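These are the residues of each chain, in order.
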Amino acid sequence: MTPQPDPQAGAAVKAADRAHVFHSWSAQELIDPLAVAGAEGSYFWDYEGKRYLDFTSGLVFTNIGYQHPKVVAAIQEQAATLTTFAPAFAVEARSEAARLIAERTPGDLDKIFFTNGGAEAIENATRMARLHTGRPKVLSAYRSYHGATSTAINMTGDPRRWPNDSGSAGVVRFWAPFLYRSPFHASTEQEECERALQHLADTIAFEGPATIAAVVLETIPGTAGIMVPPPGYLEGVRALCDQYGILFVLDEVMAGFGRTGAWFAADHTGVVPDLMTFAKGVNSGYVPLGGVAISGAVAETFARRPYPGGLTYSGHPLACAAAVATINVMEEEGIVGQAARIGETVLGPGLRELADRHPSIGEVRGTGVFWALELVRNRETREPLVPYNASGEANAPMAAFAAAAKARGLWPFVNMNRTHVVPPCNITEAEAKEGLAALDEALSVADEHTV
């Protein structure tokens, strides 16, 4: 893995990008995308030959790192055998991917509906819930992200929803637990759990239980801040759903497939949802793939009644072959256990040590290879380092921190006043410590903005 500089090629890639590519979530003339020449394992590099340790896993999807040779070979083999085929047929790669996923999902989530990604998975899980219950509403949390398609963006809590919100999608939002910034004035995890569950119970009561099809939650919210729910919370939500005949949908798009040190974040609690969405880590993002894992009761609804939904590329053979290879690699190489160990022995302790030295760190939270640092101007008041949804000059402290990290060869995940530490699940101890060292230096820049 020795990057060879080729600035001329990089300039051509950048020119074509700027002329023709329309980037997501961006004001097109205000961005300057890095031209990437290659990637391998936990690293990628540009055309100048500068290498970056990727603490973002792409968009938290390269759970086995870049260019794993066994997955690349499986995609090549599948392309030579059967590149594509319509979803109405039984295809070996599709069948095997569904079998391997169903073996790992909790409870009786044994039927798999394939999509092209996480947002489509949420769209279809919501549709299934509404059709199964005959009810119109879904409940989702304010601190959440579920995708950018129509229903998914309306269910999302962060500001990207605002310009897309129709206000008529049958979505009701509530506050999920987050002790560090508790909306319930709680002082302990137990209080936060109890008050959050009471708030949800009140929301259900005032909305009318008979109108609610589903409660949709990220098992551990990802983009919104990696807030691990307090003990008992997910179990309490499950009980409320059972009490009122509401389906419980867990979004495992980001938290699933090893990221939290278990196959799914739900495994840490023993909670079994009625529907579970997945994507990203299912095949490390090598070919777009997502899906819905469906319980027996929901599947039975559509045993003799057609399900009114489908996608041209549902269960695409190349994507499914990549999923089969990825899951097998994760088993063979013990990657789920590796994620748990790195979190417990390196990332968790290392990030807490950084918090001891850097006044800009208000809180460290996470598990496995799924961590967040809450950056603040003042630890006592917990004022965020930058305001909510800041941009331009208001966001300068976070921009300076990110630039400092990149200058030190670390590519950070930055969102609002947080930096997330979400490297590949198979990152080595040495690589993790390299990233922590670079993070240590970059945080000195954030410290300059504390009071």
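Counting starts from 1 at the beginning of each chain's written sequence and moves along it residue by residue. Thresholds applied to this predicted model are a pLDDT of at least 70 for local features of residues and 80 or more for the giving and counting of side-chain atom pairs; totals over whole chains, interfaces and linings are not thresholded and use all residues. With hydrogens and water set aside, each side-chain value is computed from the structure's full complement of heavy atoms.

*Asks:* Would you mind showing me how to read the overall build of the chain here?
*Replies:* Along the backbone of the chain there are 13 helices and 16 strands. Radius of gyration: over C-alpha atoms. The globule rule applied is 2.2 Å multiplied by the number of residues raised to the 0.38 power. Here the C-alpha atoms of the chain give a radius of gyration of 22 Å, agreeing with the 22 Å that 2.2 N^0.38 yields for 451 residues. Its C-alpha atoms give the chain principal-axis dimensions of about 60 × 60 × 45 Å. Per-residue accessibility, obtained with a 1.4 Å probe over protein chains only, is compared with the maximum for each type, and a residue is labelled buried under 20%, exposed over 50%, and partly exposed between these values. Looking at the chain as a whole, 55% of its 451 residues are labelled buried. Contacts in the chain between residues far apart in sequence, at least 24 positions, make up 71% of those at least 6 positions apart. Only the protein chains shown count as cover for residues, with accessible areas throughout obtained via the Shrake-Rupley method and a probe of 1.4 Å. Of the roughly 18,900 Å² of accessible surface on the chain, a fraction of 53% belongs to carbon and sulfur atoms. Going along the chain from the N terminus, every DSSP run of H or I of four or more residues is numbered as a helix, and every run of E of two or more is numbered as a strand. The contact rule is simple, with two residues in contact once any of their heavy atoms fall within 4.5 Å.

*Asks:* Would you mind going over the side chain of Gln78 with me for this structure?
*Replies:* Examined against the element boundaries, Gln78 turns out to sit in helix H3 (residues 69–81). Residue classification places Gln78 among the buried positions, given a relative accessible area of 13%. Apart from residues lying up to four places away in sequence, Gln78 is in contact with Thr83, Ala93, Pro317, Leu318 and Ala321.

*Asks:* Help me understand unusual backbone geometry in this model?
*Replies:* Phi is positive for His185, close to 55°, though the residue is something other than glycine. Take His185: it is sitting in the loop between strand S6 (171–174) and helix H7 (189–207). Located in the positive-phi region is Ile226, a residue other than glycine, with phi close to 55°. Among the structural elements, Ile226 can be located in the loop between strand S7 (212–218) and helix H8 (233–244).

*Asks:* Looking at this structure, I do not really get the environment of Gly261. What am I missing?
*Replies:* By the secondary structure assignment, Gly261 is in the loop between strand S8 (247–251) and strand S9 (275–278). Residues Gly261 and Ala339 lie 78 residues apart in sequence; the distance between their C-alpha atoms is 4.9 Å. Setting aside residues no more than four positions away along its own chain, Gly261 makes contact with His268, Val336, Ala339, Ala340 and Gly368.

*Asks:* Would you mind showing me how to read H3 here?
*Replies:* An α-helical turn contains 3.6 residues, so a residue and the one three or four places further along point in the same direction. With 13 residues, H3 extends 18 Å from end C-alpha to end C-alpha; this agrees with the ideal 18 Å at 1.5 Å per step. Where H3 is concerned, the buried positions are Val71, Ala74, Ile75 and Gln78. One side of H3 carries all its buried residues, which in axial view fall inside an arc of 100°. Away from its buried face, by an angle of more than 90 degrees, H3 presents the exposed residues Pro69, Gln76, Glu77 and Ala80. By this rule the span expected of a helix is its residue count minus one, scaled by 1.5 Å. Our arc is simply the arc of the directions from the helix axis toward the C-beta atoms.

*Asks:* Is there a simple way to think about the packing of aromatic side chains in this case?
*Replies:* Classification of ring pairs rests on two measures: the distance between centres of Phe, Tyr or Trp rings, Trp counted by its six-membered ring, which must be within 6.5 Å, and the angle between planes, read as stacked under 30 degrees, edge-to-face over 60 and tilted in between. Under the counting rule described, the total for this entry stands at 12 aromatic pairs. Seen from their ring centres, Phe44 and Trp411 are 5.5 Å apart, and the 70° between their planes marks the pair as edge-to-face. With Phe44 in strand S2 (residues 43–46) and Trp411 in strand S14 (residues 410–411), this pair connects stretches of sequence that are 367 residues apart. Of the residues examined, Trp411 reaches a relative accessible area of 21% and is grouped as partly exposed. Each residue in the set Phe257, Trp263, Phe264 and Phe278 is aromatic and connected to the rest through ring pairs, giving one cluster. Criterion for a charge above a ring: Lys NZ or Arg CZ within 6 Å of the ring centre, and within 35 degrees of the ring normal. Arg51 extends its terminal NZ or CZ atom over the ring of Tyr43, reaching a point 3.9 Å from the ring centre. In this arrangement the basic side chain of Arg104 is found over the ring face of Trp263, its NZ or CZ atom lying 4.9 Å from the centre.

*Asks:* Got a minute to help me understand the sheet that holds S2 in this structure?
*Replies:* With respect to topology, four strands assemble into an open sheet ordered S1-S2-S3-S14, the strand pairing being mixed. The sheet terminates laterally at strand S1 (36–40) and S14, the two strands that pair on one side only. When DSSP locates at least two bridges between a pair of strands, those strands are taken to pair. Across three bridges, S2 lies against strand S3 (residues 51–54) in antiparallel orientation. What sits directly across from Tyr43, in S3, is Leu53.

*Asks:* Teacher, can you tell me more about H8 here?
*Replies:* Here H8 spans 17 Å end to end across 12 residues, near enough to the 16 Å set by a 1.5 Å rise per residue. Those residues of H8 that fall on the buried side of the exposure criterion are Tyr233, Leu234, Gly236, Val237, Arg238, Leu240 and Cys241. Next to the buried residues of H8 lie S6, H7, S7 and S8. In the stretch just after H8, Gly245 is the one whose phi turns positive, near 70°.

*Asks:* When you look at the packing of helix H4 (residues 92–104) against helix H10 (residues 317–332) in this model, what are you seeing that I'm missing?
*Replies:* Geometry of a packed helix pair, given as the angle between the helix axes and the separation of the axes. Whenever a helix is involved, its axis is fitted only over the stretch in contact; in every case the axis is a line through C-alpha atoms, and angles between N-to-C directions fall within 0 to 180 degrees. Viewed as axis vectors pointing N to C, H4 and H10 meet at an angle of 40°, and their least axial separation amounts to 8 Å. Taken together, the axes of H4 and H10 lie oblique to each other. Of the two possible hands of crossing, H4 and H10 adopt the one that is left-handed. Across from Ala93, Arg94, Glu96, Ala97, Leu100, Ile101 and Arg104 in H4, the residues of H10 making contact are Pro317, Cys320, Ala321, Ala323, Val324, Ile327, Asn328 and Glu331. Residue polarity follows a fixed list, in which Ala, Val, Leu, Ile, Met, Phe, Trp, Tyr, Cys and Pro are nonpolar, Asp, Glu, Lys and Arg are charged, and the others, Gly among them, are polar. In the contact of H4 with H10, the residues fall into 10 nonpolar, one polar and four charged. By the definition adopted for this analysis, an angle is roughly parallel if under 35 degrees, roughly antiparallel if over 145, roughly perpendicular if from 65 to 115, and oblique otherwise. Crossing handedness follows the turn of the near helix against the far one: under a right angle anticlockwise gives a left-handed crossing, and clockwise gives a right-handed one.

*Asks:* I would appreciate a short explanation of the sheet that holds S8 in the present structure.
*Replies:* Sheets are built from strands paired through backbone hydrogen bonds, the pairs being either parallel or antiparallel. Spatially, seven strands are ordered S4-S10-S9-S8-S7-S5-S6 in an open sheet, and the strand pairing comes out mixed. The open sheet terminates on both sides in strands that have one partner only, identified here as strand S4 (111–115) and S6. Strand-to-strand twist of the sheet, defined as the mean angle between neighbouring strand axes without regard to direction, takes the value 20°. Where S8 and S9 come together, three bridges link them in parallel fashion. Note on S9: the bridge partner recorded for Leu250 is Met276. Across the face of the sheet, helix H5 (residues 118–133) comes into contact with S4, strand S5 (137–141), S7, S8, S9 and strand S10 (290–294) while running at roughly 165° to S9. Sitting on the sheet, H7 touches S5, S6 and S7, and the angle it makes with S6 is about 150°.

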